[in-house]
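Now for the letters of each chain:
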Amino acid sequence: MKTHKITVIGLGYVGLPLAAEFAKKYPVVGFDINTLRVGDLKQGKDKTLEVETEDLKKVLVTNTKESKGLFITNNPEDLATSNVYIITVPTPTDALNKPIFTPLVKASETVAKVLKKGDIVIYESTVYPGVTEDICVPILVAQSGLEYNVDFFAGYSPERINPGDKKHTVTKILKVTSGSTPEIATVVDDLYKSIITAGTHKAPSIKVAEAAKVIENSQRDINIAFVNELSKIFRILDIDTKAVLEAAGTKWNFINFTPGLVGGHCIGVDPYYLAQKAIESGYNPEIILAGRKMNDSMGSYVAQETVKMMIKKGATIKGAKALVLGITFKENCPDIRNSRVIDIIKELETYHVDVDVFDPWASAEEVKHEYGFDLLCSKTEISNNYDAIILAVSHNEFLKMDIEKLKSPIGVIFDVKSLLPKEMVNGRL
């Protein structure tokens, strides 16, 4: 392969930053099935806020014949001249926490229709070990008529995007790479090495690279589950968890994690992929699932503890007013996917509490579509005299608000993220 012409399938939080970086050196086609997303990107607008408008406009081109640059499209025919295809579609789970492969399957089918001899297909989507070669590659073979590792090749390089993080951007995070043959592994590694300033790590096989990705987030999930359990214990013992963690953190080898809600499209989802594969292989993954169970319980726990505090203050729970601050899955980021704040809201509603939700980062339209309620997007929409205020997400904007003025004389404040001064709140994790 003398020259690389790249197609990136899926232009979300992972695909767009990657495509924009490759476009500085190579001709890149960015493909997405979302016509609204494609329209916005062609104008240089990235609603995920991962790529600045100025940076995106610098790499945009209007045709596929340029020597470098990013051509945005939703037309599969525009992919035909590429020789490297990078698939970055999401890998969600269903209501039973089982992997949903539909986006991967559809993306593989799209690529298969234009696959040619000598092409390489690289997957970045998070999967359990074996998915690339056992599920995706057979689709490429069946629909292209080409022979694997003879006519075309595969690679896997797990994404490590941290939404909203402007410090650890795509080029500054070391990249794990792999290929379906030793020679292709080198080609894939060299390709990523050409843009990743932090360097690369060439894994010995695609399965090793797949496994590395799922244990990265499973490890964080389990560690957070541990401190979430500590938070529950210390709350019973009337001990401040944050103070305990600060004291323990003075030991040189203590690993600092903080309690909280675990959502998003990585830590809150990826462990289920590994658990599913383990179960299929005849092993029951006790620690992984225990961690998931603990972390998935935290939203309802916060709501229940808030109701207890309200009762102690003399509030009438039925018909009480509550304000939840934040709906995105993490701070200073517009991503609402798999936000566990919804668990707080739903649990409060079981007590017949009227809940308002304010988030200056989230899209009201997306929240309505995803979760079914009307979001407050401006401070002017916020009422006052709330019986409970729950700070669920630590957006910078919330530090500038006079939260105490919003509560009733007997109102309580629960600070999930320990963002506010301890003396200002009635409870925190």
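Look up a bit, the structure's there.
Quick summary incoming for the structure in this document.

What counts as what
- Within every chain, residues take consecutive numbers counted from 1 along the sequence as written.
- Residue-level local features of this predicted model are given only where pLDDT is at least 70; pairs of side-chain atoms are given and counted only at 80 or more, and the full residue set underlies all totals for whole chains, interfaces and linings.
- Side-chain metrics rest on all non-hydrogen atoms present in the structure, leaving aside hydrogens and water.
- Simply put, an axis is a line fit to the C-alpha atoms, just over the touching stretch for a helix, and the angle between two N-to-C directions goes from 0 to 180 degrees.
- Going along the chain from the N terminus, every DSSP run of H or I of four or more residues is numbered as a helix, and every run of E of two or more is numbered as a strand.
- Geometric relationships in this document are graded by angle, where less than 35 degrees denotes roughly parallel, more than 145 denotes roughly antiparallel, 65 to 115 denotes roughly perpendicular, and other angles denote oblique.
- In a left-handed crossing the near helix is turned counterclockwise from the far helix by less than a right angle, and in a right-handed crossing that turn is clockwise.
- In what follows, a contact means two residues having at least one pair of non-hydrogen atoms within 4.5 Å.
- Under the grouping applied here, Gly and all other residues not named as nonpolar or charged are polar, the nonpolar ones being Ala, Val, Leu, Ile, Met, Phe, Trp, Tyr, Cys and Pro and the charged ones Asp, Glu, Lys and Arg.
- Only protein atoms enter the 1 Å grid, on which a cavity is a set of points fitting a 1.4 Å probe that cannot get out and a pocket is an open set with protein on both sides within 12 Å along at least 5 of 7 lines, lining residues being those with an atom within 4 Å of a point.
- Grid points are joined across faces, edges and corners, and a volume is the space filled by probe spheres set on the points.
- The term salt bridge refers to a pairing of a side-chain nitrogen on Lys or Arg with a carboxyl oxygen on Asp or Glu at a separation within 4 Å.
- The classification of residues rests on relative accessible area computed with a 1.4 Å probe and restricted to protein chains. Under 20% of the type maximum is buried, over 50% is exposed, and intermediate values are partly exposed.

Looking now at the packing of helix α11 (residues 298-312) against helix α12 (residues 341-350). The N-to-C vectors of α11 and α12 enclose an angle of 45°; their axes lie 7 Å apart at closest approach. For the element pair α11 / α12, the angle class is oblique. The way α11 lies across α12 gives a crossing that is right-handed. Residues Gly299, Ser300, Val302, Ala303, Gln304 and Val307 of α11 touch α12, and the partners they reach there are Asp343, Ile344, Glu347 and Leu348. When the residues that make up the contact of α11 with α12 are grouped by side-chain class, the tally is 5 nonpolar, 3 polar and 2 charged.

This part covers empty space enclosed by the protein. Taken as a whole, this structure holds 2 cavities of 30 Å³ or more when the rule is applied. Along its surface, the largest cavity is lined by Val14, Leu18, Glu124, Glu159, Arg160, Ile161, Val170, Ile173, Leu174 and Lys175. Residues of the lining of the largest cavity, tallied by class, amount to 6 nonpolar, no polar and 4 charged. If you go around the second largest cavity, the residues you meet are Lys5, Pro27, Val28, Val29, Val61, Asn63, Thr64, Glu66, Lys68, Gly69 and Phe71. If one sorts the elements of the lining of the second largest cavity by residue count, strand β2 (residues 27-31) sits on top with 3 residues. Here the residues of the lining of the second largest cavity sort into 5 nonpolar, 3 polar and 3 charged.

What follows deals with the pattern of salt bridges. Here the structure, examined in full by the defined rule, presents 18 salt bridges. Salt-bridge contacts for Lys24 lead to Glu21; the nearest nitrogen and oxygen are separated by 3.1 Å. When its relative accessible area of 46% is taken as the criterion, Lys24 is described as partly exposed. The shortest N-O distance in the salt bridge between Glu305 and Lys308 comes to 3.0 Å. Highlighted residues: Glu305 and Lys308, both in helix α11, separated by 3 residues, approximately one helical turn. One salt-bridge network, in which partners are shared between bridges, spans Asp221, Arg292 and Asp296.

Packing of helix α4 (residues 102-112) against helix α5 (residues 131-144) leaves a shortest axis separation of 8 Å and a crossing angle of 35°. Here α4 runs over α5; the crossing is right-handed. Every residue of α5 that contacts α4 at Leu104, Val105, Ser108, Glu109, Val111 and Ala112 is listed here: Val131, Cys136, Ile139, Leu140, Gln143 and Ser144. Tallied by class, residues from the contact of α4 with α5 come to 8 nonpolar, 3 polar and 1 charged.

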